[in-house]
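What follows is the residue order along each chain.
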Amino acid sequence: MDRTSFHLPFTEQHVPKWPCPKCGVGHLALVPKTLVHKETPESLREHEHEAWEPDWIRYVFSCVFECTNADCKEVVACCGEGRVDFFEYEDEEHGWAQSSDDRFTPKYFNPPLVLMDIPKNCPPEAAAHLTESFALFFADPGAALNCTRAAVEAVLTNLGIKRFVLSNGKRRPVNLHQRIQLLPPKYDDLKEMLLAVKWLGNAGSHDGDKPNAGDVRTTYDLLEHALSEIYEAKGKKLKAIAKKVNKKKGPLK
Ligand SMILES: [Zn+2]
């Protein structure tokens, strides 16, 4: 999935073409008069500071979007933070002039936006963890990564990879790293990707360098490919077609 449109922020005049989370056909348009914003008390107090500049202003905002697809018209609530962006532009009559834009950075969408393709056959438990990840993506990248790790656990369970081993008569959990290694050889190409998702997911749960939205996008790229290979087998189907064409040395009837 092309995730360029999820690069933030938006302005009242320009909302990126976010795909509708329900139909995936339309995109989200700002419903007129629903965008409200208010400057925070901290921001108001800062006006007294001698070095104050207008770009210190901080808002909170909320608004409602509606799907542009007339057959869908899903509504999505959104809230987050805003700031003022000042920029200079050249005016033909008056030379350089200054203008400003209110820029809004969403933290939450309800229902959450869909941020990666999930194959139809993907187990519902894994899909639920991914939806949870999408809900947290804008507010907390680390927590969003944690959910992708949980999605991988659910996929492994769906593929029959054991979660526990018996050791001295006691049930011991098998960790995610070992579970990925237990995948049958036909998934060898995907092990590396799933391990990368695991490492990125770990970064979401531990202290240290905080993961950012870029890390989550990388994780979605890796998972999107892995899930498509596991549950749609596109690569496998194409390989089979190529094999048949090569055997026939021409088009298939
Ligand atoms: Zn829609």
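The name recorded for the chain in an unreviewed UniProt entry is DUF4145 domain-containing protein, from Aromatoleum tolulyticum.

## Some details on the domain arrangement of the chain
Looking at the assigned domains, one finds that the chain contains domain 1 (1-111) and domain 2 (115-253). Between domain 1 and domain 2, the contact holds 9 residues from the first and 10 residues from the second. Both faces considered, domain 1 and domain 2 share a buried interface measuring about 990 Å² in area, 58% of it formed by carbon and sulfur atoms. Per-residue buried area on domain 1 facing domain 2 is highest for Met1, Arg3 and Phe6; these three make up 56% of the total on that side. In this structure, the connection of domain 1 to domain 2 is made through 2 salt bridges. Between Arg3 and Asp221 there is a salt bridge, and its shortest N-O distance comes to 2.3 Å. Counting across the domain 1 and domain 2 interface gives 4 residue pairs in polar contact (both at pLDDT 80 or more). Residues belonging to the side of domain 1 that touches domain 2 are distributed by class as follows: 6 nonpolar, 1 polar and 2 charged.

## Here we look at the packing of aromatic side chains
Given two aromatic rings, one states the distance between the centres and the angle between the planes to describe the pair. With the rule as written, the count across this model stands at 13 aromatic pairs. Taken together, a centroid distance of 5.7 Å and an interplanar angle of 80° make the contact between Phe10 and Phe61 edge-to-face. On the criterion of sequence distance, the pair formed by Phe10 in the segment before strand 1 (28-30) and Phe61 in strand 3 (residues 58-67) is long-range, its members being 51 residues apart. Given a relative accessible area of 1%, Phe10 falls into the buried group. Under the relative-accessibility criterion, Phe61 is labelled buried at 4%.

## Observations concerning helix 3 (residues 141-158)
Three or four residues apart is the spacing at which side chains of an α-helix point the same way, because the helix has 3.6 residues per turn. Between its first and last C-alpha atoms helix 3 spans 26 Å; for 18 residues at 1.5 Å apiece the expected length is 26 Å, and the two agree. Every buried residue of helix 3 is listed here: Pro141, Gly142, Ala144, Leu145, Cys147, Thr148, Ala151, Val152, Ala154, Val155 and Leu156. Of the residues trailing helix 3, Gly160 is marked for its positive phi of about 85°.

## Some thoughts on the coordination of the zinc ion
Those donors, Cys20 (SG), Cys23 (SG), Cys67 (SG) and Cys72 (SG), are the protein atoms that reach the zinc ion, and they lie 2.3 Å from it. If you look at the zinc ion, its 4 donor atoms make angles of 105 to 115° with each other, and the shape they trace is tetrahedral. Note on Cys20: relative accessible area 3%, which makes it buried.

## Observations regarding the packing of helix 3 against helix 6 (residues 213-231)
Relative orientation of the contacting elements helix 3 and helix 6 amounts to 15°, with a least axis distance of 10 Å. As judged from the angle between their axes, helix 3 and helix 6 are roughly parallel. Viewed along their axes, helix 3 and helix 6 form a crossing whose handedness is left-handed. Across the interface between the two elements, Pro141, Ala144, Leu145, Thr148, Val152, Val155 and Asn158 of helix 3 pack against Ala213, Asp215, Val216, Thr219, Tyr220, Leu223, Leu227, Ile230 and Tyr231 of helix 6. Split into classes, the residues belonging to the contact of helix 3 with helix 6 amount to 12 nonpolar, 3 polar and 1 charged.

Criteria and thresholds
Residues numbered from 1 in each chain as written. Predicted model: local features only at pLDDT ≥ 70, side-chain atom pairs only at ≥ 80, totals over all residues. Heavy atoms only, no water. Domains from an automatic or database assignment. Contact = heavy atoms within 4.5 Å. Buried area = accessible area lost by both parts, 1.4 Å probe. Salt bridge = Lys/Arg side-chain N within 4 Å of Asp/Glu carboxyl O. Polar contact = N/O pair within 3.5 Å; in protein donor to acceptor, adjacent residues only side chain to side chain. Nonpolar A, V, L, I, M, F, W, Y, C, P; charged D, E, K, R; others polar. Phe/Tyr/Trp six-rings, centres within 6.5 Å; stacked < 30°, edge-to-face > 60°. Helix = DSSP H or I, 4+ residues; strand = E, 2+ residues; numbered from the N terminus. Buried < 20%, exposed > 50% of the residue type's maximum accessible area, 1.4 Å probe, protein only. Expected span 1.5 Å × (residues − 1). Donors = N, O, S within 2.8 Å, 3.2 Å for Na, K, Ca; no water. Tetrahedral: all angles 85-135°; square planar, octahedral: opposite > 155°, others 65-115°. Axes fitted to C-alpha atoms, helices over the stretch in contact; angles between N-to-C directions. Parallel < 35°, antiparallel > 145°, perpendicular 65-115°, else oblique. Left-handed = near helix turned anticlockwise from the far one by under 90°.

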